[in-house]
Amino acid sequence: MTENASAAEPLAADSAIAVVGMSGRFPGAPDLDTYWRNLLGGLCSVTDFTEEELIADGADPQEVRGRDYIPAKGHLADADRFDAEVFGFNRTEAAALDPQHRLLLQTAWSALEDAGRNPLGGSARTGVYVGGGSTEHMLAAQTDPKLAASIGALQVRILTDREFLAPWISYRLGLEGPSLTVQTACSTSLTAVHLAVQSLLLGECDTALAGGVAVDTVHKRGYVHHQGGIFSPDGRCRPFDERAGGTVPGNGVGVVVLRRLSDALADNDPVRAVIRGSAVTNDGATKVGFTAPGVDQQTAAIVEAWAAAGLDPADAQYLEAHGTATALGDRIEAAAATAAFKGALGTGRIGIGSVKSNIGHLDAAAGVAALIKSVLMLEHATLVPNADAGRAHPELGFDHSPFHLIERAASWPEPELGPRRAGVSSVGIGGTNVHVVLEQAPPRDGAESPDGPEVLLLSARTREDLDALAGRLAAALRAPGAPSLADTAHTLRVGRAPMAVRGYVRATDRAGAADLLAALASGGAVSPAGPDPLGEAWLAGEPVPAEGGGRRTALPSYPFSGPSHGAYRLFPVAPAGEQPEREPEGRSADLEQDIRALLAEALGLADADDAEMTYFAAGGDSLTAVHLVGCLRDDFDLDVPITLFLEQLTLHEMARQIIAVREGDDSLDALLAELEAE
């Protein structure tokens, strides 16, 4: 296939996948707008910690002061914060829930909002394909006997183990498509994207969430450098650079929303980029060791992905590489890519870079961080540089290859034949190689909806969040390329989950709407422009029609601002003979109060004194019931049937019914007989 013929290949909407939404949090970037600004500026967002910071956050002073300790990491700020109430978790559950789960839930929500879709809209055919890494929290929580005694060992595992990353998203957002937790080490999140693409093409789902998360610890930590190891000796990652010395660990999370391009175009979705093809291979035994990469199957992954797209790799203008900055990794990746892109051999016209220079190596989230970077470059028609880019390493042979190392931000001109195209590669320890072919989005059909009188409906869980949301929306409407007022109003109606605290503004143009939203954000009235029938119905909690002009568009997502729920730490095991003291056993004479205290502990309540609070309203479920039955048996010598927890009882009534078991009260038998009859 010649270059010109392949470049002119028309876009096949029935075999291509649209990226319609994205969300992510990366080192130095709490949102994608900040992420793009950092990338555009070639910033390195790796944090250098002071000795005092590390020790204050629980690091081992002896290790920190060691000669080979590198006090640097791609640190994710506020990784322990979580809006638990939005997702239906009580305080005890939220504290036990692994930070990776918390972040991935919020990021999935935001990605759906970015796609203009209500995260709780009950999209039955939405699949979830995500993965994560091992965490300090998971290991500490699963080995903490006090936590197991508090909420149950099975519940601890379900709340912390990474195999439940995808199911929690499906459950809390009501998504009934395939739900797979993917694990291929460093290539996890890009493998998840590949699997989501295949599922969409096979018709297993109509929308898919794909991505990954990596938060090995929420605490400030550096790493130990070993001579000849994979980690950098100076806390900087410089892929393909002559100064490259290794990688730097980092934390982050990213999710993309995918749909078949034909469906996205038919529904006038906000297409951000197009996936033309993807492929996965494994090195098998054709390499020097289990952790080493291999040339042949990295090449095969690239060639197969472009073949699936009906294109030639030489049609690319950019390659986002895995780029660990290790001597072996960079050399093998450069050799594999040179072989795959041989149609452009010797031209040096294909730019190459790696986001690891900016944020470090995000392990299971590395691939989706690279994919999102590449989508943003296509959207902005701009190639961004490696952070602190220098001269390419001479041993890589870039002078006679298809590639040149991107050293500074530059415009990305549209090719003479065909649109802008890029390849994204990810490689995992164990040999799983992934490559994805990206293409710029096709022009959106139809003219922009004209401005006119529109009502913008907003809601949030708290007034503070409503103010923050209004402020973000005001800024978005003032920004260059802002969406029309009609598209904004339509997206707010159909693409957001209604919450308890509400507000609205009515305006005739973007500037006026931005001013009113800014007034709302400053604590003004929830309807600063005066009453409007639709807005007043919204404030009253009445359903509002979704019909009307406008299209889905990308708008600021929910301003999650929940409190810190902390994270479990791994502590040294006490030496033999120095076991921690056991808490004194025994219960107070007030049995009902003790049982209420047990219920409160299991349900994450400050107390169980609310006479109207029911077990289910407090977040109780079947697993909690199993745990409570065991605690009542072990702590109170009470054999309580689990069916007791199936009734809509208040916690006060439940405590009294539990006591009735001890006293042989006939009222419990009557209740159970009634439950069985129902």
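The shown structure was predicted, so the numbers you read here are calculated from the model rather than taken from an experiment. (Residues numbered from 1 in each chain as written. Predicted model: local features only at pLDDT ≥ 70, side-chain atom pairs only at ≥ 80, totals over all residues. Heavy atoms only, no water.)

(A) Quick look at the overall build of the protein. The helix and strand tally for the protein stands at 24 helices and 19 strands. Relative to the globule expectation of 26 Å for 678 residues, the C-alpha radius of gyration of the protein, 27 Å, shows essentially globular dimensions. Summarising its shape, the C-alpha atoms of the protein cover approximately 90 × 70 × 50 Å along the three principal directions. Residues classed as buried in the protein amount to 56% of the 678 residues present. In the protein, 80% of the contacts between residues at least 6 apart in sequence involve partners at least 24 apart. Approximately 27500 Å² of the protein is accessible, and the part contributed by carbon and sulfur atoms is 52%. Each charge class in the protein can be summarised by its mean position, and for the 52 positive and 92 negative side chains these summaries are 6 Å apart. (Helix = DSSP H or I, 4+ residues; strand = E, 2+ residues; numbered from the N terminus. Rg over C-alpha atoms; globule rule 2.2 N^0.38 Å. Buried < 20%, exposed > 50% of the residue type's maximum accessible area, 1.4 Å probe, protein only. Contact = heavy atoms within 4.5 Å. Areas by Shrake-Rupley, 256 points an atom, 1.4 Å probe, with all protein chains shown as cover. Lys, Arg positive; Asp, Glu negative; His and termini not counted. Charge placed at Lys NZ, Arg CZ, Asp CG, Glu CD.)

(B) Region of the structure containing the packing of aromatic side chains. Enumeration according to the criterion identifies 17 aromatic pairs in this entry. Ring geometry for Phe341 versus Phe403: centroids 5.5 Å apart, planes at 70°, classification edge-to-face. Linking Phe341 in the loop between helix 14 (327–340) and strand 12 (350–353) with Phe403 in strand 14 (residues 403–405), this pair joins segments that are 62 residues apart in sequence. Judged by relative accessible area, which is 0%, Phe341 ranks as buried. Taken together, the ring pairs in this structure connect Phe82, Phe87, Phe89, Trp109, Trp168, Tyr171, Tyr558 and Phe560 into an aromatic cluster. (Phe/Tyr/Trp six-rings, centres within 6.5 Å; stacked < 30°, edge-to-face > 60°.)

(C) View of the nonpolar core. Residues Phe87, Phe89, Trp109, Ile169, Leu209, Leu456 and Leu517 are the most contacted members of the largest nonpolar core, which totals 70 residues. Broken down by element, the residue count for this core peaks at 7 residues, all from helix 6 (residues 99–114). Among all residues touching Ile169, those that are not within four sequence positions of it are Leu104, Leu105, Ala108, Val128, Val130, Gly174, Leu175 and Leu209. Membership of the second largest hydrophobic core comes to 49 residues, among which are Ile17, Phe26, Ile372 and Leu376. (Core = buried A, V, L, I, M, F, W, Y, C linked by side-chain atoms within 4.5 Å.)

(D) Geometry of the sheet that holds strand 16 (residues 421–427). Read from one edge to the other, the open sheet built from 11 strands follows the order 6-5-7-9-1-10-17-16-11-12-14, with strand pairing classed as mixed. With partners counted over all chains shown, the strands left at the sheet margins are strand 6 (179–181) and strand 14, one partner each. On average, each strand axis in the sheet is inclined to that of its neighbour by 25°, with strand direction left out of account. Judged from the 8 bridges that link them, strand 1 (residues 17–25) and strand 9 (residues 252–260) form a sheet pairing that is antiparallel. Residue Gly24 lies in a different strand from strand 9, and its bridge partner there is Gly254. (Pairing = 2+ DSSP bridges. Axes fitted to C-alpha atoms, helices over the stretch in contact; angles between N-to-C directions.)

(E) Spotlight on the state of the cysteines. A complete count under the given rule lists 0 disulfides for this structure. The thiol of Cys44 is unpaired, and the distance to the nearest cysteine sulfur, on Cys237, comes to 8.8 Å. With relative accessibility at 31%, the residue Cys44 sits in the partly exposed group. (Disulfide = S-S within 2.5 Å.)

(F) Representation of helix 9 (residues 153–160) within the structure. Every buried residue of helix 9 is accounted for by Gln155, Val156, Ile158, Leu159 and Thr160. Buried residues belonging to helix 9 abut helix 5 (91–96), helix 6, helix 7 (136–142), helix 8 (145–151), helix 10 (165–173) and helix 22 (622–636).

(G) Main features of the pairing of strand 19 (residues 501–507). Among the 7 residues of strand 19, 5 are classified as buried, and the element is accordingly described as predominantly covered. The pairing of strand 18 (residues 454–460) with strand 19 spans 7 bridges and is antiparallel. Note on strand 19: the bridge partner recorded for Ala460 is Val501.

(H) The environment of Phe636, seen in detail. Among the secondary structure elements, Phe636 is positioned in helix 22. Using a relative accessible area of 8% as the deciding quantity, one classes Phe636 as buried.

(I) Geometry of the pattern of salt bridges. As enumerated under the stated definition, the model contains 36 salt bridges in all. One salt bridge in this structure joins Arg67 and Asp68, with 3.8 Å as the shortest N-O distance. When the shortest N-O distance is used, the salt bridge between Asp487 and Arg551 registers 3.4 Å. One end of the pair, Asp487, is in helix 18 (residues 485–494); the other, Arg551, is in the loop between helix 20 (533–539) and helix 21 (591–603), and 64 residues separate them in sequence. On the basis of relative accessible area, Asp487 is assigned to the buried category, the value being 2%. Residue Arg551 is classed as buried on the basis of its relative accessible area of 14%. Here the salt bridges do not stand alone but share partners, grouping Arg117, Arg259, Asp267, Asp269 and Arg552 into one network. (Salt bridge = Lys/Arg side-chain N within 4 Å of Asp/Glu carboxyl O.)

(J) Fine view of the pairing of strand 12. Going residue by residue along strand 12, you find Ile350 and Ile352 tucked away on one face and Gly351 and Gly353 tucked away on the opposite face as well. Sheet topology places strand 11 (residues 318–320) next to strand 12; 3 bridges connect them, and they run parallel. Each bridged residue has a counterpart across the sheet, and for Glu320 the counterpart in strand 12 is Gly353. Taken together, strand 11, helix 14 and strand 12 form a β-α-β motif whose crossover is right-handed. As paired strands, strand 12 and strand 14 are joined by 3 bridges and run parallel to one another. Counterpart to Ile350 in the pairing with strand 14 is Phe403. (Right-handed = clockwise from strand over helix to strand, strands pointing away.)

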